[in-house]
There are 2 protein chains.
Amino acid sequence: MRTEQARSVSRRQKIMESALDVFARRGYRDAAMDEIADAAETSKGGVYFHFPSKQAIFLALLERMANLLQGRAEAAMAAEPDLVAKFDAALLVVIRTFAAHRPLARLFLVEALGAGREFNQRMLEIHADFAGLIERHLDEVVALGVIPPLDTHIAGKAWFGALNEVVTAWVLADDPGDLEQQYPALRTFLLRSVGITISEGSREVGG
Amino acid sequence: MRTEQARSVSRRQKIMESALDVFARRGYRDAAMDEIADAAETSKGGVYFHFPSKQAIFLALLERMANLLQGRAEAAMAAEPDLVAKFDAALLVVIRTFAAHRPLARLFLVEALGAGREFNQRMLEIHADFAGLIERHLDEVVALGVIPPLDTHIAGKAWFGALNEVVTAWVLADDPGDLEQQYPALRTFLLRSVGITISEGSREVGG
DNA sequence: GTAGGGAAACCGACGAGCCAGTCGGTTTAT
DNA sequence: ATAAACCGACTGGCTCGTCGGTTTCCCTAC
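All residue numbers refer to position in the chain's written sequence, counted from 1. Naming scheme: in the order in which they are written, chains are lettered from A and ligands are numbered from 1. A pLDDT threshold of at least 70 governs which residues receive local features in this predicted model, and a stricter bar of 80 or more applies before side-chain atom pairs are shown or counted, although totals over entire chains, interfaces and linings include all residues. Side-chain figures throughout are based on the complete set of non-hydrogen atoms in the structure, without hydrogens or water.

## Quick look at the confidence of the model for chain A
Residues and elements named next belong to chain A. As a reminder of what qualifies: The predictor reports its confidence for every residue as pLDDT, a score running from 0 up to 100. Elements are defined by DSSP. Helices are runs of H or I of four residues or more, strands are runs of E of two residues or more, and each kind is numbered from the N terminus. Whether two residues are in contact is decided by their heavy atoms: any pair within 4.5 Å suffices.
The pLDDT averaged across chain A works out to 90; a share of 93% of its residues lies at or above 70. Within chain A, the lowest mean pLDDT, 85, falls on helix α1 (residues 2-26), and the highest, 97, falls on helix α2 (residues 33-39). Considering only residues more than four positions removed or in separate chains, one finds that residues 201-207, a stretch of pLDDT under 50, has 13 contacts.

## Focus: the relation of the copies chain B and chain A
Note the threshold: In this comparison the copies share one frame, found by least squares on the C-alpha atoms of residues holding pLDDT of at least 70 in both.
Rotating chain B by 180 degrees about the axis while translating it 0.0 Å along that axis superimposes it on chain A, leaving an RMSD of 0.1 Å. Taken together, the rotation and translation describe the operation of a two-fold axis.

## A look at the interface of chain B and chain A
As a reminder of what qualifies: By definition, the buried area sums, over both parts, the 1.4 Å-probe accessible area that each loses when the two are put together. Salt bridge criterion: a side-chain nitrogen from Lys or Arg within 4 Å of a carboxyl oxygen from Asp or Glu. Under this definition, polar contacts are N or O atom pairs within 3.5 Å; protein pairs additionally need one hydrogen-donor-capable and one acceptor-capable atom, and for neighbouring residues in sequence, both atoms have to be side-chain atoms. The nonpolar class holds Ala, Val, Leu, Ile, Met, Phe, Trp, Tyr, Cys and Pro. Asp, Glu, Lys and Arg form the charged class, and all remaining residues, Gly among them, are polar.
In this assembly, 44 residues from chain B lie in contact with 42 residues from chain A. Overall, the association of chain B and chain A removes approximately 3700 Å² of surface from exposure, summing both partners, and the carbon and sulfur fraction of that is 58%. Ranking the residues of chain B by area buried against chain A places Arg117(B), Phe189(B) and Arg192(B) at the top, with a combined share of 19%. Put simply, chain B and chain A have four salt bridges between them. Close ionic contact of Arg29(B) with Asp30(A) constitutes a salt bridge, the shortest N to O distance being 2.6 Å. Here chain B is connected to chain A by 12 residue pairs in polar contact (both at pLDDT 80 or more). A class-by-class count of the residues in the side of chain B that touches chain A yields 23 nonpolar, nine polar and 12 charged.

## Side note on the environment of Phe108(A)
Residue and element names in this part refer to chain A. Within the secondary structure layout, Phe108 lies in helix α6 (residues 102-114). In the structure, Phe108 is positioned 45 residues away from His153 in sequence and 23 Å away in space, judged by C-alpha atoms. The contacts of Phe108, once residues within four sequence positions are left out, are Leu62, Met65, Ala66, Leu69, Phe98, Met123 and Ile126.

## Overview of the packing of aromatic side chains
A ring pair, where both rings are aromatic, is described by two values, the distance of the centres and the angle of the planes. Residue and element names in this part refer to chain B. Going by this rule: Stacked, tilted and edge-to-face pairs are distinguished by plane angle, under 30 degrees for stacked and over 60 for edge-to-face with tilted covering the rest, among Phe, Tyr and Trp rings (Trp via its six-membered ring) whose centres lie within 6.5 Å. When accessible area is computed with a 1.4 Å probe and restricted to protein chains, residues below 20% of their type maximum are described as buried, those above 50% as exposed, and intermediate ones as partly exposed.
Within this structure, the stated rule accounts for 16 aromatic pairs over all chains. When the centroid spacing of 4.7 Å and the interplanar angle of 45 degrees are considered together, the rings of Phe87 and Trp159 count as tilted. In this pair, Phe87 is assigned in helix α5 (residues 83-100) and Trp159 in helix α8 (residues 152-172), connecting sequence segments 72 residues apart. With a relative accessible area of 13%, Phe87 lands in the buried category.

## Quick word on unusual backbone geometry
Residue and element names in this part refer to chain A. Not every positive phi belongs to a glycine, and Glu41 is a case in point at roughly 55 degrees. Within the fold, Glu41 resides in the loop between α2 and α3 (44-50). A relative accessible area of 62% places Glu41 in the exposed class.

## Overview of the packing of helix α4 (residues 54-78) of chain A against α6(A)
Residue and element names in this part refer to chain A. Under the convention used in this document: The axes used here are C-alpha line fits, helices contributing only the stretch in contact, and every angle between their N-to-C directions lies in the interval 0 to 180 degrees. Left-handed is the label given to a crossing in which the near helix is rotated counterclockwise from the far helix by less than a right angle, and right-handed is the label when the rotation is clockwise.
The geometry of α4 relative to α6 is characterised by a closest axis approach of 11 Å and an angle of 115 degrees between their N-to-C directions. The way α4 lies across α6 gives a crossing that is left-handed. Along its contact with α4, which presents Phe58, Leu61, Leu62, Met65, Ala66 and Leu69, the element α6 presents Leu104, Leu107, Phe108 and Ala112. Residues of the contact of α4 with α6, tallied by class, amount to 10 nonpolar, no polar and no charged.

Structural data, given as C-alpha cells:
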C-alpha cells in the first residue's frame, strides 16, 4: 500500500520530468504524447493513467514552477532583515533559478504564452501574482519612508516585465552567456527606478 | 498591366488583413488556411498564389507591425526638440498604437512567441531592435550630461520589458480598460529609473 | 510460505479528426 | 491567345485520447 503509492508518485514525477524535457525541446504543440511516454520509459496508456490530458501535464508543470519560484523568493526575503537586502536576495534567487534551468525557463516564459488560449488566463494570473508580490513589498518600503511614494502597482508590473525581458532574451539567445552577470546592472536599474541609488559594488554576487 | 498589378497588390493586402483577423481570433496554430481564405473571400489556392506558406503570411504581418511601430516612434521623436519630450512622444505613440489595435497587439506580443521555433529568432531580433533604439537614445542623453551614467544596454532591455509587460497584461485581460491611462505612471517610473524625477502632471495626455 | 484474488498500473493498436500544401483545371484581363 | 489569377478536391501526414487486454503488486487465507 505504502510502496504502491510511493511508486505511483515517483512514476508521476518521472513523467513530469520527461514531459518538461520534451516540451522544452519541441514546444507545447509539437510535443507528442508518444514522445513523452517514450522519454518516461512508459507507454501512452501509462501516461494517461497518471494525467487526464496533455494540457493537465503542462499545467502541472506550470504550477510547480510558479510555486518553486515564489517559494524560493519569499524564503530568501524572509531570511534577510534589511529591506534592500530582501530585494537583492529575491532577485538573485530568481535569476539563479532560471540560470540553472534554461529549458524550464523557456517553457515558463516563452512556450506557455503561445501554447494556446487555455493557458493565457493562468499565465496572466501567475504574472499578476509575481507583480503583486513585488507591489506589496514596495508598499511596505514606501510606508516605512525608505523611498518616496510612487505608483507601486505599475512599478510591480514594470519590475516584473524588466526581469522577464532580460531572462527571456537570455533564454532565446543562440549563445547565451551567464545570466547571473546581468544581475548587478539590473539591480541598480530597478533600485534607481524606485528612488534608491547605490553604487554597484555594495553587495557581492559571490556564489 | 498597371491595373493588374494594383489588383494583385490589393488582393495581397486583403489576404493580410484577413489573416491578421483570423490569427488574432484563433492564434497562429489554430488558424486554418481555409478560414483565412474564406475571410479574404478567396480560396486556399488563391492565398497560396500570393504567399508561399502560412509562415510567410505571419512573418509578413510581423514585419509590417514592427516597421509601423518603429517608424511611428522615430517620427514622433524626430518631431520633438526636447529630449524628455522625445521620450514622451515615442512612449505615447507606441501605447496609442497598441491601444487602437488590440488584436494586432495580441498577435505581436503573445501569439508570436508560441507560434513555433521559426519565429523565436525573429522575435528576438525585433525585441533587440526596440531595446537598441531605446539604448541609443539613452546613450545620447547620457552623453549630453542630462542624466547620470548608467548601463544603457540593460536599461534599454528593462524599459522595453516594462512596456511589454504592461501592454501584454492589457492584451490578455478579460476586461481591459483604457491602456492609455497607464501612460502617466509608466512614464514617471521609466524616467525615474534613469534618474529623471518629474511631477506626473508636467505633460498632459490630451488627445 | 505460498496460492490466489483483486485492484492498481501499464500497454499499444486503433479511431477519428484536423490541416498544410499540391495540382490540374478554370476564369479573367489584356 | 496568352498569361496571370484563382479555384477546391485531394493527398499525405500527424497526433490526441480511448479501450480492451495484460502485467505487476499486495494482501489475505490457509
